[in-house]
Structures are given as structure tokens and as C-alpha cells.
Amino acid sequence: MFFLKPLLLTLVFECGLATVLRVRGKDLLLVFLVNLITNPLLSLTAAILYSRLSVHKTNLVIYLLLEPLIILAEAWIYRHCLSQKRNALLLSVLLNCFAILGGILWNYSF
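Let me begin by describing the structure that accompanies this report. Because the structure is predicted, anything quoted here is derived from the model rather than measured.

1. Quick look at unusual backbone geometry
And step 1. In the Ramachandran plot, arginine 22 falls in the positive-phi region, its phi being about 65° despite a non-glycine side chain.
And step 2. Mapping arginine 22 onto the fold places it in the loop between α1 (4-20) and α2 (25-53).
And step 3. Taking the relative accessible area as the measure of exposure, arginine 22 reaches 61% and is therefore exposed.

Below, the structure written as C-alpha cells:
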């Protein structure tokens, strides 16, 4: 169940910002579906790193190593699949940074 909270927060933050950035229709669905795949993969990888390698700074590992890989993977998907012409890398960076900051603020607030 530890996958559920980060996934829900990511979906709310990224889809919310995507809507503000005027991502609509199938493109918004794409943002949702991409995060439905990449977020659990990120959480699972972080959990494996934590348990197998005894990495105590898991958040630091995620932000410095894993998150950039997720950003690049999502940007690649957006570049190839978005119907609207957008800067896919910029969109991916904005959405992911917003979700990271939102998650940090959420965790410190509640």
C-alpha cells in the first residue's frame, strides 16, 4: 500500500498542473497513464534500493538518480505521443518538479 499515497499525490499534482498548462483531452489522459506506470516503478525501485542496498538516504537517491531517469523517459513518451506540439522535456521537468515539491510540502504539512 505504500505505493498508493505517492501515486495519488503525483496524479493530482501532475494532472492538475497539466490542466493549468492547457493539456487537454487525449494528451491529459496520456499524462495520467504515463504516471500510472512510472510512479509505481519509481516507488518499487526505491523500495528495492532501500531494502537490498541499505540505502538510508533513499529520498536523495530518488531525486538525484532515479527522478532524472523518469523525467527523461516521460519526456520521450510525450515527444512521441502528444497530439499537441509541445516541448516534451520542458513539460516533463515542470510536471515532475511540481509533483516533487507538492509531495514534499504535503508530507511536511500532514
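2. Re α1
And step 1. Its 17 residues give α1 an end-to-end C-alpha distance of 24 Å, which sits within 8% of 24 Å, the value for a rise of 1.5 Å per residue.
And step 2. Turning to α1, its buried residues number three or more, namely Leu7, Leu9, Thr10, Leu11, Phe13, Glu14, Cys15, Leu17 and Ala18.
And step 3. At the C-terminal side of α1, arginine 22 shows a positive phi close to 65°.

3. Section: the nonpolar core
And step 1. Core analysis: the largest hydrophobic core is formed by twelve residues, namely Cys15, Leu17, Ala18, Val23, Leu30, Val31, Val34, Tyr78, Leu82, Ala88, Leu91 and Leu95.
And step 2. Going through the elements one at a time, α1, α2 and α4 (88-109) are the ones with two or more residues in this core.
And step 3. Counting residues in hydrophobic clusters, the runner-up holds six residues, among them Leu42, Ala46, Ile62 and Ile70.

4. Concerning the environment of cysteine 81
And step 1. Topologically, cysteine 81 is positioned in helix α3 (residues 58-81).
And step 2. On the accessibility criterion, cysteine 81 (46% relative accessible area) is partly exposed.

Here is what the cut-offs are and how they apply
- Residues numbered from 1 in each chain as written.
- Predicted model: local features only at pLDDT ≥ 70, side-chain atom pairs only at ≥ 80, totals over all residues.
- Heavy atoms only, no water.
- Helix = DSSP H or I, 4+ residues; strand = E, 2+ residues; numbered from the N terminus.
- Buried < 20%, exposed > 50% of the residue type's maximum accessible area, 1.4 Å probe, protein only.
- Expected span 1.5 Å × (residues − 1).
- Core = buried A, V, L, I, M, F, W, Y, C linked by side-chain atoms within 4.5 Å.

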